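Per-entry structural report
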Amino acid sequence: MRTFLISTAMATSINLLINLPAIADEPGKLPAQMQLTRIAADKWRADYSFSEAISRFSMPAAGDYRSTAWKPLTSGVRYQAEPSAQPDQQKDSYILDQPVRQLSFEIISYNGFAPKNYAPNNRFSDGGAGIYMGFFDGDVQEGGKTRAMNLTVSYQGLSGETVIPPPAFADAERSLRAYAYFGPQKPAPAGAARLVLDPATPEWLAKLILDTTSTMSAYFSSTYQRPLLRELVLMISVTDTSTAGFSMKGGATNGQITFRLSGKAMLNEHPAIRHLVQKLVAHEMAHIWQENVNQGGIGDEPAWIHEGGAEAMAVEALKSTAVWTTEEAAAYQANASATCKKITRQSDPYQYAYACGLQKFMNMNVDIPVLWRSLISETGQSGQPYSEAMLGSVSQRLRQ
Ligand SMILES: [Zn+2]
């Protein structure tokens, strides 16, 4: 039997990336620059330059990414994993023998995943790579104080290759929660988006992703009545076409959607794959619109709000555009309801956010586009991230 795995491990972990530990009496952020240079097909160099000498550089942990793929080039640097009972408090630290203002690392290609987090390196079959920039940000110890950084990054590719930096935001930290692309592709316009497509993507699947993307972006633009504030870049990488089954990991970050495909089942058109791909495209597109604001958006709220919300927006979008029949949409919702009955937030927080999140939105009995239009406008105006309180007051207002 073929197995189909699908996962959208992304937005749930955004919390983890932006919640640098609360610091009492927080000193200002330390200005820092970093240049990320691709120095070989499978090698990058990160050269940090801090405005003050630092004695320790810490980043939220990312599985074994740093212990296996990052090598300090500066002498007198010691790596130390800092475990914590709370997963979002775990850190990777680099401790310096004596304070320095320059710190360099060599980073080799990495195929793994950071648990429930962005894939650090989306590798393309043609040598291209998407590097997740959120893993380069952290905090530092300077003069005995822990300080967050205000990190700006510049990028340098191999000779002649294309480099697409993450979208720029006024808040430098926010700019880093996205991928930088290095590789041979010249991004092609695809509707409102620019597309970096792995040449190994099977033709039927490339067409399906493109068609669904253009249908969904047209639907979201008109239904949510907000043009995109920043150009959307879509990156589709093919990890392998040799392992069993099919896996597609999708992620929406600021102004970007990334899909990472693997498995030989994708070589042939298959209705189950078609169904999953359509849902994943619609789901990631929903996150793009949830974040299509100048302030606010997805923050520290329980994941079921943005994940369940994206599920509800996606089902509605697929149904409204007749990409799915009413029966397909109903079957998807029924399946989520059945899943939700079997789990709790404690037993399976990940599934809970999706299946029970969708169930909660269905239970609200409000028109989903009307509800999310109001939420998007509320978060954009107030600057407050989505929250249960905001959802409660907005849905109550709509029911009156
Ligand atoms: Zn999601």
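Residues numbered from 1 in each chain as written. Predicted model: local features only at pLDDT ≥ 70, side-chain atom pairs only at ≥ 80, totals over all residues.

All right, on to the pairing of strand β16 (residues 246–253) then. Along β16, eight of the eight residues are buried, which leaves the element largely enclosed by surrounding structure. Neither face of β16 is open: one carries F246, M248, G250 and A252, the other S247, K249, G251 and T253, and all of them are buried. The pairing of β16 with strand β17 (residues 256–262) spans seven bridges and is antiparallel. Bridged to A252 within β17 is I257. Between β16 and the antiparallel strand that follows it, β17, lie two residues; G255 among them carries a positive phi value of about 70°. (Buried ≥ 20, exposed ≤ 12 C-beta atoms within 10 Å, placed from the backbone. Helix = DSSP H or I, 4+ residues; strand = E, 2+ residues; numbered from the N terminus. Pairing = 2+ DSSP bridges.)

Time to look at the sheet that holds strand β12 (residues 179–183). Strands belonging to one sheet form pairs held by backbone hydrogen bonds; the direction of such a pair is parallel or antiparallel. Ordered in space as β7-β8-β12-β11, the four strands form an open sheet in which the pairing is antiparallel. Of all strands in the sheet, those with a lone pairing partner are β7 (121–123) and β11 (162–164), marking the two edges. Put simply, the sheet's adjacent strands are angled 15° from each other on average, direction ignored. Sheet analysis places β7 next to strand β8 (residues 129–132), joined by three bridges and oriented antiparallel. Directly across from N121, in β8, lies its bridge partner I131. (Axes fitted to C-alpha atoms, helices over the stretch in contact; angles between N-to-C directions.)

Under the domain assignment used here, the protein contains domain 1 (32–183) and domain 2 (303–399). Computed from C-alpha atoms alone, the centre-to-centre distance between domain 1 and domain 2 is 34 Å. (Domains from an automatic or database assignment.)

Our next topic: the packing of helix α5 (residues 271–290) against helix α6 (residues 303–320). Close contact between α5 and α6 brings their axes to 8 Å; oriented N to C, the two are set at 120°. Taken together, the axes of α5 and α6 lie oblique to each other. As α5 runs across α6, the sense of the crossing is right-handed. Contacts between α5 and α6 involve Q278, K279, A282, H283, A286, H287 and Q290 on the former and, on the latter, H306, G309, A310, E311, M313, A314, A317 and L318. Its residues placed into classes, the contact of α5 with α6 shows seven nonpolar, six polar and two charged. (Parallel < 35°, antiparallel > 145°, perpendicular 65-115°, else oblique. Left-handed = near helix turned anticlockwise from the far one by under 90°. Contact = placed C-beta atoms within 7 Å. Nonpolar A, V, L, I, M, F, W, Y, C, P; charged D, E, K, R; others polar.)

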